[in-house]
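# Examination of the molecular architecture
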Amino acid sequence: MAATGFHMLSAVGLCNGEKHKQPLGVTLPQARRFSASVTAFSSRLVDYEQPFVKGFWEYLEAAKDFIRPEDNSPSRWFSPLEKSKDPCDGAPLLLFLPGIDGNGLGLIRQHQKLGQMFDIWCLHIPASNRTSFTDLVAMVESTVKSENQRSPGKPIYLVGESLGACIALAVAACNPEIDLLLILSNPATSYGNSLLQHLAPLVKALPDQFDLAFPSVLSLIPGGPLKRMVAHWVRGLPEMETAANIYQDLVITSTLTSILADTFRRETLLWKLKLLDAAAIFANAHLHLVQAQTLILSSGNDQILPSKFEGKRLREKLPKCEVRSFKDNGHCLFLEDGIDLVSIIKATSFYRRGSRQDYVSDYIPPTISEFNKSYGVNRLLEVIMGPVFLSTTEDGKVVRGLGGIPSEGPVLLVGNHMLLASDKISLPGQFVHERNINLRPLVHPMMFTRLRDGLLPDVSVYDMLRMMGSVPISGTHLHNLLSAKSHILLFPGGIREALHRKGEEYKLMWPEKAEFVRAAAKFGAKIVPFCGVGEDDFLRVVVDYNDQIKVPLVKEVLKRVTAEGPEVRGSLEGEEGNQDFHMPGVIPKWPGRYYYYFGKEIKTGAEELRDRDKAKEVYAEVKKEVERCIKFVKQRREEDPYRPLLPRLHYHLQHGLLSQVPTFPF
């Protein structure tokens, strides 16, 4: 971060152009010296792939060095990481804005991973500092402006929790021309609907002993040490181990009470409540001015603010807003187990280094732990589906697994869509697991954005697919992925094939144009035709689109639902251009088995690029090969003794859950 962001600020602007005489910041060298205390802790943070060991205890240890009850020095920025550990090239700036604690350590469990993607700086507001809300906004605003002037093409991330979220909203409202991305955890915009607003009169009325009583109450908030102590009993560990764990949490609770006593003395607490009130009023009054892309993280078990409902309210107020809910988590979301901000940013496609999202250069593949977490939920489905993967080597030999897939890209894998796009469950994970290849599926844009709210599932249900590399389908994105030598997954049949009618199992609904062949030829990509077979062993369509549109009311609803998502193939006529959303009525069958068969690669080059007729020939060849693969598998699966579920389960019982179940001879 440039030193310009930390000059002593004697004249900084807000929306109304006010000027402030109070110094609000410190110079960058001072900020570096101030960050030394937290650097000692950050230097012991775990590696990117190891489990988190930073927790509540580490937060408290670091906070003790930050909290000095009589410290009335100016608010300041500090870097939580050693500057020798530089982030990736072109990493955007991330400014963390703390909640009412003000110490700026709320991301301590996230620093190491965030530090590989961002240039992180945190705001520290000393306990006895009495800077007004407008002055805090002015300080952040001045830093944002100077950094935007220094790097005008790069976005600036404002990550705020509670009070900090209000600061972020205020800065965004006052500076709509600056490219800001907001990540807001349990925003204090809901302060007016919380019990906290009634606390100030109570604090004034209670005797001095309340200085010790109030922190004791705060330390028992669900999600903190009390919740952990109860959880130790539920885990059923040996008595000695349970006792040791409870003792450690009692120590944490005692330490927390002491720290809170320093942080929230009577006068400080009253000031913080006044600050929250001013922040909520200002932020709510200026929501209509916020144009920044916003991600709100709402805790369902927040005992301090009514965050569960606030996220939904803000989503209706802000034009570019998404919400992710965490129903079992408390107010201090970033300090809780299982919360990984980097994974959230990846899954929501909220990371970019430039003015626009680049799905190639901005994509960061999932780590091993992220992959295991994402696909762990699908493990039971994998066992039930029992997928078989076959591929064809360059010499034409069919082999079990993905060994026949070319290692070097660009590679375009082109196949049929099975019912409800169930093929997306197994394919990306298998490529990572077996070949360490990050497959980039081209998917419908409705998985990324909505034109309006309605009946379509929330985009959050597609977070796993986005983390695994899915990209909104478009000619530009296909071009960029090919130029990056990616392995790309393409289903030309699109929604029409995935939501097919009765009796249309395995019928290809491809458009006539051979554009993906010419795009592949431009980069000399290899096209690998493949098929997916097995949907008819699991589901049978009994009420399809044609049945549904016979009911006028349902037909009108389907039109509105389709209009909620971006249009795809609107210029095409006939069935190939019919990309209407609907949910087929299906009945389940006794589970069979899924099969994926990758045919022999088809090379492309300059000839297909120059000659459209030649490109059409290759297109027809790809389509014919997909149909051949489908016919081959449908015939040969009749010889598979493990096609039904029960024989596969019996095999797993004998050989282990991770064993590869045999299939038909090939």
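Residues numbered from 1 in each chain as written. Predicted model: local features only at pLDDT ≥ 70, side-chain atom pairs only at ≥ 80, totals over all residues. Heavy atoms only, no water.

An unreviewed UniProt entry annotates the chain as Serine aminopeptidase S33 of Arabidopsis thaliana x Arabidopsis arenosa.

As a further point, take the overall build of the chain. Broken down by element type, the chain carries 25 helices and 18 strands. Buried residues in the chain amount to 57% of all 666 residues. Here the contacts in the chain between residues at least 6 apart in sequence split such that 81% fall between residues at least 24 apart. (Helix = DSSP H or I, 4+ residues; strand = E, 2+ residues; numbered from the N terminus. Buried < 20%, exposed > 50% of the residue type's maximum accessible area, 1.4 Å probe, protein only. Contact = heavy atoms within 4.5 Å.)

Next up on the list: the packing of aromatic side chains. All chains considered together, the criterion is met by 18 aromatic pairs. Ring geometry for F516 against Y619: centres 5.3 Å apart, planes inclined by 50 degrees, an arrangement best described as tilted. You can see F516 sitting in helix α20 (residues 515-522) and its partner Y619 sitting in helix α24 (residues 612-636), a full 103 residues away along the chain. Across the pair, exposure class does not vary: F516 and Y619 are buried alike. Here F530 and F598 contribute two aromatic rings whose centre-to-centre distance is 5.0 Å and whose plane-to-plane angle is 25 degrees, an arrangement assigned as stacked. Of this pair, F530 sits in strand β14 (residues 526-533) while F598 is found in strand β17 (residues 595-598), placing the two residues 68 residues apart along the sequence. (Phe/Tyr/Trp six-rings, centres within 6.5 Å; stacked < 30°, edge-to-face > 60°.)

Further remarks concern helix α22 (residues 552-564). Every α-helical turn comprises 3.6 residues, leaving residues that sit three or four positions apart pointing alike. Taking 1.5 Å per residue, 13 residues should reach 18 Å; α22 reaches 19 Å between its end C-alpha atoms and fits that length. Buried within α22 are the following residues: L558, V561, T562 and E564. Down the axis of α22, the smallest arc covering the buried residues is 145 degrees, so these residues share one side. The exposed set on the far side of α22, more than 90 degrees from its buried face, consists of P552, L553 and K559. Elements in contact with the buried residues of α22: α21 (545-548). (Expected span 1.5 Å × (residues − 1). Arc of directions from axis to C-beta.)

Counting through the fold element by element, N438 comes out in the loop between α16 (427-435) and β11 (439-443). Sequence separation of N438 and I488 is 50 residues, and the distance between their C-alpha atoms is 9.0 Å.

On to the side chain of N186. Relative to the helices and strands, N186 is located in the loop between β5 (180-185) and α7 (199-205). Within the structure, the side chain of N186 is placed 3.3 Å from the side chain of S307, a separation counted as a polar contact. Not counting residues within four places of it along the chain, the set of residues in contact with N186 comprises S162, L297, S298, S299, D302, L305, S307, G330, H331 and L333. (Polar contact = N/O pair within 3.5 Å; in protein donor to acceptor, adjacent residues only side chain to side chain.)

Next up on the list: the sheet that holds strand β2 (residues 93-97). With mixed pairing, the seven strands of this open sheet are ordered in space as β1-β3-β2-β4-β5-β6-β7. The two strands at the open ends of the sheet, each matched to only one other strand, are β1 (76-78) and β7 (321-326). Direction aside, neighbouring strands of the sheet carry axes that sit 20 degrees apart on average. Here strand β6 (residues 293-299) runs beside β7; their pairing, made up of six bridges, is parallel. (Pairing = 2+ DSSP bridges. Axes fitted to C-alpha atoms, helices over the stretch in contact; angles between N-to-C directions.)

Counting buried positions along β5 gives six out of six residues, so the element sits mostly inside the fold. Across the two faces of β5 the burial is the same, with L180, L182 and L184 and L181, I183 and S185 all buried. Read as a crossover between parallel neighbours, the route from strand β4 (residues 156-161) over helix α6 (residues 163-174) to β5 is right-handed. The pairing of β5 with β6 spans five bridges and is classified as parallel. Its bridge partner being in β6, L184 is matched across the sheet by I296. (Right-handed = clockwise from strand over helix to strand, strands pointing away.)

A word on the nonpolar core. F133, V140, V144, L158, I167, L180 and L182 are the most contacted members of the largest nonpolar core, which totals 55 residues. No other element matches α6, which puts eleven residues into this core. If we ignore the near neighbours within four places in the chain, the residues touching L182 are L158, A168, L169, A172, V290, A292, Q293, T294, L295 and F350. Formed by 47 residues, the second largest nonpolar core is a distinct cluster that contains L412, A514, Y595 and I602. (Core = buried A, V, L, I, M, F, W, Y, C linked by side-chain atoms within 4.5 Å.)

Okay, empty space enclosed by the protein next. It is a probe the size of a water molecule, rolled over the atoms, that shows where empty space is left. Counted under the stated rule, the structure contains four cavities of 30 Å³ or more. Approximately 150 Å³ is the volume found for the largest cavity. The wall of the largest cavity is formed by 15 residues, among which K346, S349, Q357, D362 and Y363 lie closest to the centre. Among the secondary structure elements, those contributing two or more residues to the lining of the largest cavity are α13 (341-347) and α17 (463-467). Taken together, the residues that form the lining of the largest cavity break down as six nonpolar, four polar and five charged. (1 Å grid on protein atoms, 1.4 Å probe; cavity = no way out; pocket = protein on both sides within 12 Å on 5 of 7 lines; lining within 4 Å. Points joined across faces, edges and corners; volume = space filled by probe spheres on them. Nonpolar A, V, L, I, M, F, W, Y, C, P; charged D, E, K, R; others polar.)

Before going further, it helps to spend a moment on unusual backbone geometry. Between G409 and P410 the backbone carries a cis peptide bond, its omega angle lying at 5 degrees. Position of P410 among the secondary structure elements: in the loop between β9 (398-400) and β10 (411-415). Residue A421 is not a glycine yet carries a positive backbone phi of 55 degrees. Of note, A421 is situated in the loop between β10 and α16.

In this section: the side chain of T393. Structurally, T393 can be placed in the loop between β8 (388-392) and β9. Leaving out residues up to four positions away in the same chain, T393 has contacts with V399, G404 and K600.

Attention now goes to α16. For α16, a buried count of seven out of nine residues is recorded, marking the element as mostly surrounded by other parts of the structure. For α16, every residue scored as buried is listed here: L427, P428, G429, Q430, F431, V432 and R435. In the segment just after α16, N436 is the residue with positive phi, at about 55 degrees.

Taken together, the side chains of V542, V543 and I587 define a hydrophobic patch exposed on the protein surface, amounting to about 180 Å² of accessible area. Judged by its relative accessible area of 36%, V543 falls in the partly exposed class. (Patch = residues over 30% accessible without salt bridge, like charges linked within 9 Å, V, L, I, M, F, W, Y side chains within 5 Å. Areas by Shrake-Rupley, 256 points an atom, 1.4 Å probe, with all protein chains shown as cover. Salt bridge = Lys/Arg side-chain N within 4 Å of Asp/Glu carboxyl O.)

Attention shifts here to the environment of F431. By secondary structure assignment, the location of F431 is in helix α16. Expressed as a C-alpha distance, the spacing of F431 and L402, which sit 29 residues apart in the sequence, is 7.5 Å. Once residues within four sequence positions are removed from consideration, F431 is found in contact with L402, I405, L413, N436, I437, L439 and F598.

In this section: the packing of helix α18 (residues 475-483) against α20. Orientation of α18 relative to α20, taken along the N-to-C sense of each, is 30 degrees, at an axis distance of 9 Å. By the criterion of interaxial angle, the relationship of α18 to α20 is roughly parallel. For the crossing formed where α18 meets α20, the hand is right-handed. Contacts from L478, H479 and L482 in α18 reach F516, A519, A520 and K522 in α20. Looking at the contact of α18 with α20 residue by residue, the classes come out as five nonpolar, one polar and one charged. (Parallel < 35°, antiparallel > 145°, perpendicular 65-115°, else oblique. Left-handed = near helix turned anticlockwise from the far one by under 90°.)

The next point concerns the pattern of salt bridges. Applying the stated criterion across every chain yields a total of 26 salt bridges. Across the pair D179 and R352 runs a salt bridge, and its minimum N-O distance is 2.7 Å. Residue D179 is found in the loop between α6 and β5, and its partner R352 is found in the loop between α13 and α14 (368-376); the two are separated by 173 residues along the sequence. In this structure, a network of salt bridges that share partners links the residues D536, D537, R637, E638 and R643.

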